[in-house]
Amino acid sequence: MAKILVCDDDKEIVEAIEIYLTQDGHQVLEAYDGIEAVEILKKESVDLLIMDIMMPRMDGIRATLKIREENNIPIIILSAKSEDADKIGADDYITKPFNPLELVARVKSHLRRYMQLGSTTIKESEAVYTVGGRAINDDLKEVTVDGEPVKLTPIEYNILLLL
């Protein structure tokens with residue numbers, strides 16, 4: 001069972017999404033603006049975020065950028081707007097009105113990928129990226145797999161870092 005945060009200023013949309021996601025076996029947390037979403041993520045361990053763009057107090061774009069400073073959970077933007085600039089920072093984008101079954105399918109896909117690969121973390125003291133058993137220390141230019149160092153050419157290293 002995954003914990004999913006749904007953030008939209010329209011309470012009916014939040015309730016509708018909650019119905020579909022709970023029927024699919026997920027736990028749903030609710031937020032009604034970006035500030036609430038950021039605060040919940042500071043207190044709760046969440047596996048995926050569904051975020052509207054146009055909300056009061058803090059919009060979805062600002063909230064997404066703030067969340068990305070510390071958290072790398074999958075974010076699905078759900079919005080009536082469809083400009084490319086509104087998709088920045090998100091893993092997926094669904095326009096309103098949306099098909100609830102498509103939303104659930106995309107949630108499953110992102111959760112599967114996130115759970116299988118593990119979350120990527122960036123430590124403040126040094127640029128260390130970890131995914132599953134793989135780690136890249138960009139400060140030291142080192143790569144390890146399950147704790148064992150891996151030798152790479154500079155080109156191979158840069159490609160891996162890019163990915």
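Above this text is the structure in question.
These figures come from a predicted structure and were not determined experimentally.

So what about the sheet that holds strand 1 (residues 3–7)? Which residues, and what values?
Strand order in this open sheet of five strands is 2-1-3-4-5, and the pairing throughout is parallel. The open sheet has two free edges, formed respectively by strand 2 (27–31) and strand 5 (92–95), since each of these has just one partner strand. Between one strand axis and the next, the sheet turns by 20 degrees as a mean value, whatever way the strands run. In the sheet, strand 1 pairs with strand 2 via five bridges, with the strands oriented parallel. Bridge pairing in strand 2 links L5 to L29. The strands touched by helix 1 (residues 11–23) within the sheet are strand 1, strand 2, strand 3 (48–51) and strand 4 (75–79), with strand 2 carrying the most contacts at an inclination of about 170 degrees. On top of the sheet, helix 2 (residues 34–43) reaches strand 1, strand 2 and strand 3; it is set at about 135 degrees to strand 2, its chief contact.

Explain the nonpolar core residue by residue, including any values.
Among the nonpolar cores identified, the biggest contains 21 residues, and L5, L49 and M51 are the most heavily contacted of them. Looking at this core, the elements that each hand over two or more residues are strand 1, strand 2, helix 2, strand 3, helix 3 (60–68) and strand 4. The dominant element in this core, judged by the number of residues it contributes, is helix 2, at four residues. Apart from the residues lying within four places of it in its own chain, the contact partners of M51 are C7, A37, G60, A63, T64, I67, I75, I76, I77 and L78.

Run through the side chain of D92, naming residues and quoting values.
Looking at where D92 falls in the secondary structure, it is placed in strand 5. Taking relative accessible area as the criterion, D92 reaches 17% and is therefore assigned buried. A polar atom in the side chain of D92 sits 2.9 Å from the side chain of R106. For D92, the side chain forms a polar contact with the side chain of H110, separated by 3.1 Å. Residues within four places of D92 in sequence aside, it is in contact with I75, I76, I77, R106 and H110.

Describe the packing of aromatic side chains, with residues and values.
For any pair of aromatic rings, the description rests on two quantities: the centre-to-centre distance and the angle between the ring planes. According to the stated counting rule, one finds zero aromatic pairs in the structure shown. The ring of Y32 is capped by K11, whose NZ or CZ atom sits 4.4 Å from the centre of that ring.

Reading the values: the criteria
Residues numbered from 1 in each chain as written. Predicted model: local features only at pLDDT ≥ 70, side-chain atom pairs only at ≥ 80, totals over all residues. Heavy atoms only, no water. Pairing = 2+ DSSP bridges. Helix = DSSP H or I, 4+ residues; strand = E, 2+ residues; numbered from the N terminus. Axes fitted to C-alpha atoms, helices over the stretch in contact; angles between N-to-C directions. Contact = heavy atoms within 4.5 Å. Core = buried A, V, L, I, M, F, W, Y, C linked by side-chain atoms within 4.5 Å. Buried < 20%, exposed > 50% of the residue type's maximum accessible area, 1.4 Å probe, protein only. Polar contact = N/O pair within 3.5 Å; in protein donor to acceptor, adjacent residues only side chain to side chain. Phe/Tyr/Trp six-rings, centres within 6.5 Å; stacked < 30°, edge-to-face > 60°. Lys NZ or Arg CZ within 6 Å of the ring centre and 35° of its normal.

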